[in-house]
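One letter stands for each residue in the lines below.
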Amino acid sequence: MPKTTPFHSRVEPLNQTGIWKHWYGYLVAPQYQYSLNAEYYAIRNSVSLLDTSPLFKYRFAGDRGRALLERVLARDVGACRVGRAQYTCWCDERGFVIQDGVVMQVAEGEYRLTSAEPTLRHFRSVTRQMGFPDDTVEEISDDFGILALQGPHAYDVISRLTEAASPLKYFGVAQSTVASCEVTVSRTGYTGDLGYELWIRSEDAETVWDALAAAGKDYNLTPIGTSAMKMARVEAGLLLLGVDFNTSRYAWVDAQRETPIELGWSWMFRKLDEDPRDFIGRRAIEAEIANRTSRWNTVGLAVDWHAYECAFTESGIIPPMHELYTESTMSLYRRGGKQWDYAGYASSFLASTLLRRPIGIAKLPLDLTEEGSEVDAEITVIRQPKYILARVERLPFFNPPRKTALMNGGAS
Amino acid sequence: MTAKPERFDAIVVGGGHNGLVNGAYLSRAGLKTLVLERRHVVGGAAVTEELVPGFRFTTFSYALSLVRPDIVQDLDLVKHGMLVHPLVNTFHPGLDGEHILLGADAHANYHEIARHSVEDAEGAKDLSHRVARVCRALKPWMDRIPPNVLSSDPAEIAELAELRDYMTGLDSEVREMMERFVTASAGEILDEYLDHELVKGLFVSSGIIGSKVSPRDRESGLVWLFHKMGDFDGQPGAWGFHKNGNGGFTQVLARAVEAFGGTIRTNAGVERVLYDDGHARGVELEDGTRLEAEVVVSALDPRQTFMRLVDPSDLPADLVSHLEAYKFQGSAAKVNFALSGLPRFPGLDGREDIYQGFTNIGPTIPYLEEAFADCRAGRFSRRPFLDSCIQSTIDPDMSPPGKHIMSCFVMYAPYHLAQGDWDTERSNLGDTVQETLEEFFPGFGDLVLHREIVTPLDIERLIGLTEGNIFAGELFESQLFFNRPAPGWNQYRTPIEGYYQCGSGTHPGGCVSGGPGRLAALRILDDRRR
Ligand SMILES: Cc1cc2nc3c(=O)[nH]c(=O)nc-3n(C[C@H](O)[C@H](O)[C@H](O)COP(=O)(O)OP(=O)(O)OC[C@H]3O[C@@H](n4cnc5c(N)ncnc54)[C@H](O)[C@@H]3O)c2cc1C
């Protein structure tokens, strides 16, 4: 029997399709309506509400909690002050990524971390090596539900319910109440749009859901499933564990492992020389940066629209573009010279309805990762492999000013 | 002392969407380009106007499908804010609570139609597939300059041969279907696939949009096909709403023009095009200002382009006689409402999603024929066909929170009334539309906060579309492709060198497609290279 999230009694009747999926053992809707695009466009045009409660959640308290995070997290958690959140990752000693997640300091010395897969045992083993008691890290997954409120009208909705968002800086965190329930509101999300995430105590889940639904009624607040969220995150250039990379922990060989630099996160280490921490994987990461030993980099890939269109129309069929998101790999080849000269692959692909072109997240050898570098992407047209031109592009593909704009009650 | 007139490489007359597309392409090619618009706002038949605070009215056009994909890419429109929301549902209410509600899932739609007729549910699929194949086959010719049938130029003769070969090379099923659309009415074609009156009523309406034809008139076949020629993300015949209405789209185009270095001037009506020795020299504005350019492009309809902006006596007689016979005969109007809440449809109370697309009011072919009988008699339909939508259900920026904006495209409303005139009939039209809505949505009248009535005469007065024809001329075979707007003059040139045409009266025709603007720009740029 799958588990259900604290919002299940609310989302269950909303699922018109009757289709459910399992997200790490929890029942979730991939989409609620027949039109996936309608859910996607709620993210970009009005406001969407997504239940992300299946994420694993951890709590770290006090100086030891902080010390533990300093040791485990690869990105400098010292920069994550009270009332701030930070996108981060943790690595093994060889500098391979175990997972990514968002850490936030909700009150002085009180941290919370989300992660896609369980990681208590990993954190506990480091806790013990450091000689700290087990309760330095605590799992709180069942204590909270999480809702993501994302879209250009997200502020209009949240500001009807709490002052906490007026203003709340990008990656800011505030404790507040919604419908008399304690909530943690962060200006974060996985869509690359204006948005907030709310941590809600499980017993308050229904009350807060109802309050959000009522406040959003006039703004076309649309419950969305995981599929629309995944489409949006490709445009936002956000990687997905299990799709764009795998945890080093359960990899068989290094070819399945990736370093943060290879994942395109070198920006996390821009101030590494000012960061005195001895975090796990530091030496390996330093060596990789110094010796330029990265095997590849993760980049944006824009498939040439004309080439894409032609490849299909030449064969007499319509280019597939409608609600097209895939996680299977698309092989990439060097252009010119040899035929089918393998270079890398795309780990996510989206025929972006907003951007009106096919885009992807790709792994390419370093000599092909400059912006504008050209590769051939392999597609299949009526069961025949064909290759078409694609270009390396900076991530994110979509980055509206509203994502980071200071929202303070002025016109949105 | 008169100052030296300002000089441009190209002047585009009319800031409708085609003028803007044309101006953007010319600017992009490096021409110093000026777009002149008579109104205070660009967009022409694609504008959004905040007539009541917080309510954004799509005064004329209201949905998109035919925008040429090349334009989106070439002009970087997404960067400038293009955002088209697909229609979520299509709602076709009948009387007595009967209805058809189609959504995004083909299989669910099958069952919805099967509620009325199992065979129709399959027939609708067969029809859609055939039509999609026909559209696919025609599309390449939508995006290129059509051949000139009167020309003896070997290049033109070769193009005609290419077209002939292309057509004969098509699979016979596609070719025969294509011929059907020219020779049969929309009603007749649907008869072959569908049986149930309510189902036919839903599918047939594309055959009359904006055209003075009944669904059983031969011309409706082609009109029907024309409305299926677009797509949304490759989905044949699908329509969408632009953020902030179609005016949102033309604002995007205006930003593109400016980003490429072009200039737009509003409140700048053009009185006439200046030319001598058969060469365009510039324009004279309504206020007497003269502006110089060796390329002048009219983005207005053929009547304005040839009979008003220049002196028709300077044009070849056969062209003028063609233009005199060219049919405008506008037959559509708009009535737009600001609403205090959403209408209720008996049996689907509380369902708001039914409005997230087109609501097609015109249950059956006989209903539409009756509506047309009024039109033929020179009066507006007493029970009109309404293609309506409430875009605010998906775009919260269209109306104040909790309130809504409803656009109703109204047929038939003949430009020439047998009795009275539109200035006196205007509010009667508004009442009739409101009564019709009341019939389908009891209590509708109580929701109305404000209404905007746009008669064919208003269309003509406001944006210059002759007789209010929404397409700048009927979409009849005699006025399309080789013949738009006249045989021999279907390639964007005019008899005056340097004077071009790029409005909806040129190929590929009306609707918000930008095709005419783009193809005319390609022609102009090509001519400059010669
Ligand atoms: C009521 C209505 C509803 C419609 N609905 C749809 C729809 O939903 N979807 C769709 O695709 N199509 C629709 N259409 C058709 C479509 O809107 C038109 O075919 C298209 O917008 C015409 O564009 P255009 O640029 O060719 O001409 P216009 O939009 O007519 O532009 C001409 C411009 O020139 C200006 N002008 C006129 N005279 C002068 C002058 N002397 N000097 C300077 N400027 C001048 C006008 O003000 C206007 O801005 C509709 C049309 C109407 C009228």
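Residues numbered from 1 in each chain as written. Chains lettered and ligands numbered in written order. Predicted model: local features only at pLDDT ≥ 70, side-chain atom pairs only at ≥ 80, totals over all residues. Heavy atoms only, no water.

A. Seen up close, the overall build of chain A. Summing up its helical and strand segments, chain A has nine helices and 20 strands in all. In terms of overall dimensions, chain A is globule-like: its C-alpha atoms have a radius of gyration of 22 Å, near the 22 Å expected for 412 residues. Along the three orthogonal principal directions, the C-alpha set of chain A runs to about 65 × 50 × 45 Å. The buried share of chain A, reckoned over its 412 residues, is 59%. (Helix = DSSP H or I, 4+ residues; strand = E, 2+ residues; numbered from the N terminus. Rg over C-alpha atoms; globule rule 2.2 N^0.38 Å. Buried < 20%, exposed > 50% of the residue type's maximum accessible area, 1.4 Å probe, protein only.)

B. Seen up close, the interface of chain A and chain B. Each partner contributes residues to the interface: chain A has 27 residues there, and chain B has 31 residues. Regarding the contact of chain A and chain B, the summed buried area is about 2,600 Å², with carbon and sulfur atoms giving 57% of it. Per-residue buried area on chain A facing chain B is highest for Asn45, Ile318 and Arg356 of chain A; these three make up 25% of the total on that side. Counting every contact that joins chain A to chain B gives one salt bridge. Where glutamate 352 of chain B meets lysine 217 of chain A, a salt bridge forms, and the shortest distance between an N and an O atom there is 3.3 Å. Counting across the interface, chain A meets chain B through 11 residue pairs in polar contact (both at pLDDT 80 or more). Looking at the side of chain A that touches chain B, the elements that each hand over two or more residues are helix H2 (36-45) and helix H9 (305-313) of chain A. Top element by residues in the side of chain A that touches chain B is H2 of chain A. It accounts for five residues. Taken together, the residues of the side of chain A that touches chain B break down into 11 nonpolar, 11 polar and five charged. (Contact = heavy atoms within 4.5 Å. Buried area = accessible area lost by both parts, 1.4 Å probe. Salt bridge = Lys/Arg side-chain N within 4 Å of Asp/Glu carboxyl O. Polar contact = N/O pair within 3.5 Å; in protein donor to acceptor, adjacent residues only side chain to side chain. Nonpolar A, V, L, I, M, F, W, Y, C, P; charged D, E, K, R; others polar.)

C. Up close: the packing of aromatic side chains. For the coordinates displayed, the defined rule picks out 30 aromatic pairs over all chains. With a centroid separation of 4.9 Å and 85° between ring planes, the pair formed by tyrosine 170 of chain A and phenylalanine 171 of chain A is classed as edge-to-face. Relative to phenylalanine 441 of chain B, the ring of phenylalanine 345 of chain B has its centre 5.9 Å away and its plane inclined at 65°; by these criteria the two rings are edge-to-face. Separated by 96 residues along the polypeptide, phenylalanine 345 of chain B in the loop between strand E15 (332-339) and strand E16 (357-361) and phenylalanine 441 of chain B in the loop between helix H14 (422-440) and strand E19 (448-454) bring together distant segments of the chain. By relative accessible area, which is 1% here, phenylalanine 345 of chain B ends up buried. (Phe/Tyr/Trp six-rings, centres within 6.5 Å; stacked < 30°, edge-to-face > 60°.)

D. A look at the sheet that holds strand E10 (residues 173-178) of chain A. All names here are of chain A. On the basis of which strands lie adjacent, the open sheet formed by six strands has the order E10-E11-E12-E9-E3-E13 and mixed pairing. A strand with exactly one partner marks an edge of an open sheet, and here the two such strands are E10 and strand E13 (221-223). The mean inter-strand angle of the sheet, taken between neighbouring strand axes irrespective of direction, is 25°. Judged from the four bridges that link them, strand E11 (residues 181-186) and strand E12 (residues 195-201) form a sheet pairing that is antiparallel. Within the sheet, the bridge partner assigned to valine 183 lies in E12 and is isoleucine 200. (Pairing = 2+ DSSP bridges. Axes fitted to C-alpha atoms, helices over the stretch in contact; angles between N-to-C directions.)

E. View of a negative patch on the surface. Residues and elements named next belong to chain B. Where like charges cluster on the molecular surface, the negative patch consists of Glu119, Glu122, Asp126, Asp195 and Glu197. Relative to the helices and strands, glutamate 197 is located in helix H8 (residues 197-204). We classify glutamate 197 as partly exposed; its relative accessible area is 37%. (Patch = residues over 30% accessible without salt bridge, like charges linked within 9 Å, V, L, I, M, F, W, Y side chains within 5 Å. Areas by Shrake-Rupley, 256 points an atom, 1.4 Å probe, with all protein chains shown as cover. Lys, Arg positive; Asp, Glu negative; His and termini not counted. Charge placed at Lys NZ, Arg CZ, Asp CG, Glu CD.)

F. Fine view of unusual backbone geometry. With an omega of -10°, the peptide bond between serine 166 of chain A and proline 167 of chain A qualifies as cis. Among the structural elements, proline 167 of chain A can be located in the loop between helix H5 (154-158) and E10. Note the cis peptide between histidine 507 of chain B and proline 508 of chain B, where omega equals 0°. Positive phi is not limited to glycine here, since isoleucine 382 of chain A has a value of about 40°. Its identity is not glycine, yet phenylalanine 481 of chain B carries a phi of approximately 55°, on the positive side. Tracing the backbone shows phenylalanine 481 of chain B in the loop between helix H15 (456-463) and strand E20 (499-501).

G. Quick look at the site of the ligand. All names here are of chain B. Within the structure, the ligand sits among 35 residues, and Glu37, Ala45, Ala63, Ser504 and Val512 are positioned closest to it. One nitrogen or oxygen atom from the side chain of glutamate 37 is found 2.5 Å from an oxygen atom belonging to the ligand. Here an oxygen atom of the ligand and a backbone polar atom of valine 512 are 2.8 Å apart. Look at the ligand: alone it shows 1,000 Å² of surface, and the protein chains cover 98% of it. Elements supplying a minimum of two residues to the shell around the ligand: helix H1 (17-28) and H15. Its residues assigned to classes, the shell around the ligand comprises 18 nonpolar, 12 polar and five charged. Here the shell around the ligand spans two domains, since at least three of its residues come from each of domain 1 (6-46 + 70-83 + 243-326 + 487-529) and domain 3 (329-463). (Near = heavy atom within 4 Å. Domains from an automatic or database assignment.)

H. The domain arrangement of chain A, seen in detail. Residues and elements named next belong to chain A. Here chain A is partitioned into domain 1 (1-291) and domain 2 (297-393). Taken over C-alpha atoms, the centre of domain 1 sits 29 Å from the centre of domain 2. Across the contact, 22 residues belong to domain 1 and 17 residues belong to domain 2. Together domain 1 and domain 2 conceal approximately 1,600 Å² of surface at their shared face, both sides included; 58% is due to carbon and sulfur atoms. Considering only the side of domain 1, the residues that lose the most area to domain 2 are Met231, Val234 and Glu235, jointly responsible for 30% of the buried surface there. Among the salt bridges present, the one from glutamate 327 reaches lysine 230, with a minimum N-O distance of 3.5 Å. Applying the counting rule to domain 1 against domain 2 returns 12 residue pairs in polar contact (both at pLDDT 80 or more). Sorting the residues of the side of domain 1 that touches domain 2 by element identifies H2 and helix H7 (226-235) as the ones contributing at least two each. Here the residues of the side of domain 1 that touches domain 2 are counted per class, giving 11 nonpolar, four polar and seven charged.

I. View of the packing of helix H3 (residues 62-72) of chain A against helix H4 (residues 120-129) of chain A. All names here are of chain A. Look at H3 against H4: their axes get within 10 Å of each other, and the N-to-C directions meet at 110°. Compared by their axis directions, H3 and H4 come out roughly perpendicular. Where H3 approaches H4, its residues Leu68, Leu69, Arg71 and Val72 are matched on the opposing element by His122, Phe123, Val126 and Thr127. A class-by-class count of the residues in the contact of H3 with H4 yields five nonpolar, two polar and one charged. (Parallel < 35°, antiparallel > 145°, perpendicular 65-115°, else oblique.)

J. Inspection of the confidence of the model for chain B at higher detail. Confidence in the prediction for chain B averages 97 pLDDT; 100% of positions are at 70 or higher. Predicted complex metrics record ipTM = 0.95 and pTM = 0.97. (pLDDT = per-residue confidence, 0-100.)

K. Here's a closer look at the environment of tyrosine 87 of chain A. All names here are of chain A. In this structure, tyrosine 87 sits in strand E5 (residues 84-91). In sequence terms tyrosine 87 and arginine 75 are 12 residues apart; their C-alpha atoms lie 8.3 Å from each other. Non-local contacts of tyrosine 87, meaning those with residues more than four positions away in its chain, are made with Arg75, Asp100, Gly101, Val102, Phe171, Trp265, Trp267 and Met268. Within polar-contact distance, the side chain of tyrosine 87 engages the side chain of aspartate 100 at 2.6 Å.

L. Just the domain arrangement of chain B, in detail. All names here are of chain B. Examined at the domain level, chain B breaks down into domain 1 (6-46 + 70-83 + 243-326 + 487-529), domain 2 (106-237) and domain 3 (329-463). Of the residues lining the interface, 18 residues belong to domain 2; the matching set on domain 3 comes to 19 residues. Counting each side, the surface lost to burial between domain 2 and domain 3 is near 1,500 Å², with a carbon and sulfur contribution of 69%. Among the residues of domain 2 in contact with domain 3, Ile208, Ile209 and Lys212 are the three that bury the most area, contributing 35% of the side total. Counting the contacts that link domain 2 with domain 3 gives three residue pairs in polar contact (both at pLDDT 80 or more).

M. How the structure looks around the side chain of lysine 243 of chain B. As for its placement among the helices and strands, lysine 243 of chain B is situated in the loop between strand E10 (240-242) and helix H10 (245-259). Here the side chain of lysine 243 of chain B touches asparagine 45 of chain A through a polar contact of 2.6 Å, side chain to side chain. A distance of 2.6 Å separates a polar atom in the side chain of lysine 243 of chain B from a polar atom in the side chain of aspartate 397 of chain B. Apart from the residues within four sequence positions on either side, lysine 243 of chain B is in contact with Asn45 of chain A together with Leu83, Gly248, Gln391, Asp395 and Asp397 of chain B.

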